[in-house]
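Here is how the chains run, residue by residue.
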Amino acid sequence: MPVLNIYKLDGSQAGTIEINNDIFGIEPNKHVMHEVLVAELAEARQGSASTKTRAEVRGGGRKPFRQKGTGRARQGSTRAPHMVGGGVVHGPKPRNYAKKVNKKVRKLALKSALATKISEGNVIVLDDFALETPKTKTFIDFAKALNFDGVKQLYITNDDTDNIDRDYFLYLSTRNIEKVAAINTRDLSIYWLIKQDKVILTKEALATIEEVLA
């Protein structure tokens, strides 16, 4: 079984923990990871770009000049696409960019991304910790102790109402550190796992991920 190191908040090691080989020890499927990443990036697009057609722009109700005798090309409206202030032809309209991805495919992609990180030695577990107040310096010192200083780090906490203050304090403590992100297990995605170099899981988050991906 794969084994992850457990560290305390002061940077000292607090043992190891065995993880499920069927989840975190699989052969990564790069094609599935790419498919899910494309879907996640597509879902993040607002799709709110909008232009007006010649039927929607204001004005143009009157024929700009008489049909014959001016020497100019005949025109029926000043709001035709080739005119200044006219409508747009084939312009963007609000749309939904979301792509359908099956649940099993999304699970396999997350397993593959986590297995890749673990095989590279880029995943550790953060031991139980108690924060009475948000403290950015605590996590700066933690990163220095593990030689993570200046490295992209991803903290993953659990969606646990019993520890909501503690996990929120972790978020507040890390949000102002460069290259560091803190997310909840609900927001775990291929994008974040690929974007960040080091992944730091709380024990509760690890248990939740194992349960969800099993």
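Please read these numbers as outputs of a predicted model, since none were measured by experiment. Think of each chain on its own: its residues are numbered from 1, step by step along the sequence as written. Given that the model is predicted, a residue must reach a pLDDT of at least 70 before its local features are reported, and side-chain atom pairs must reach 80 or more before they are shown or counted; all residues, however, enter totals for whole chains, interfaces and linings. Here the side-chain values reflect all heavy atoms present in the structure, with hydrogen atoms and water set aside.

Novice: Before we go on, may I ask you to explain unusual backbone geometry in this structure?
Specialist: In terms of backbone geometry, most residues other than glycine have negative phi values and most peptide bonds are trans. One non-glycine residue, N147, adopts positive backbone phi at about 60°. Assignment of secondary structure puts N147 in the loop between α4 (136-145) and β4 (153-157). For N147, a relative accessible area of 66% translates into the label exposed. Notably, K179 is not glycine yet its phi reads approximately 70°, a positive angle. Structurally, K179 can be placed in the loop between α5 (164-174) and β5 (180-184). To qualify as a helix, a DSSP run of H or I must reach at least 4 residues; to qualify as a strand, a run of E must reach at least 2; elements of each kind are numbered from the N terminus. Partly exposed residues are those whose accessible area sits between 20% and 50% of the maximum for their type, while under 20% is buried and over 50% is exposed, using a 1.4 Å probe and protein chains only.

Novice: How do you make sense of the pairing of strand β6 (residues 198-202) when you look at a structure like this?
Specialist: Consecutive residues of a regular strand have side chains that alternate between opposite faces of the sheet. Taking burial as the measure, the 5 residues of β6 include 5 buried ones, the bulk of the element. Alternating positions in β6 separate into two faces, K198, I200 and T202 on one and V199 and L201 on the other, with burial throughout. Taken together, the 4 bridges between β4 and β6 define a ladder with parallel strand orientation. Bridge pairing in β6 links Q153 to K198. The rule for pairing is simple: two strands pair if DSSP sees at least two bridges between them.

Novice: What should I look at first to understand the pattern of salt bridges in this one?
Specialist: Opposite charge on two side chains makes pairing possible when the charged atoms of those side chains draw close. Within this document, salt bridges are pairs made up of a side-chain nitrogen of Lys or Arg and a carboxyl oxygen of Asp or Glu, the two lying within 4 Å of each other. On inspection of all chains with the given rule, the structure shows 4 salt bridges. Between R106 and E43 there is a salt bridge; the shortest N-O distance is 3.6 Å. In this pair, R106 is assigned in helix α3 (residues 103-119) and E43 in helix α2 (residues 30-43), connecting sequence segments 63 residues apart. With a relative accessible area of 25%, R106 lands in the partly exposed category. The exposure class of E43 is partly exposed, given its relative accessible area of 39%.

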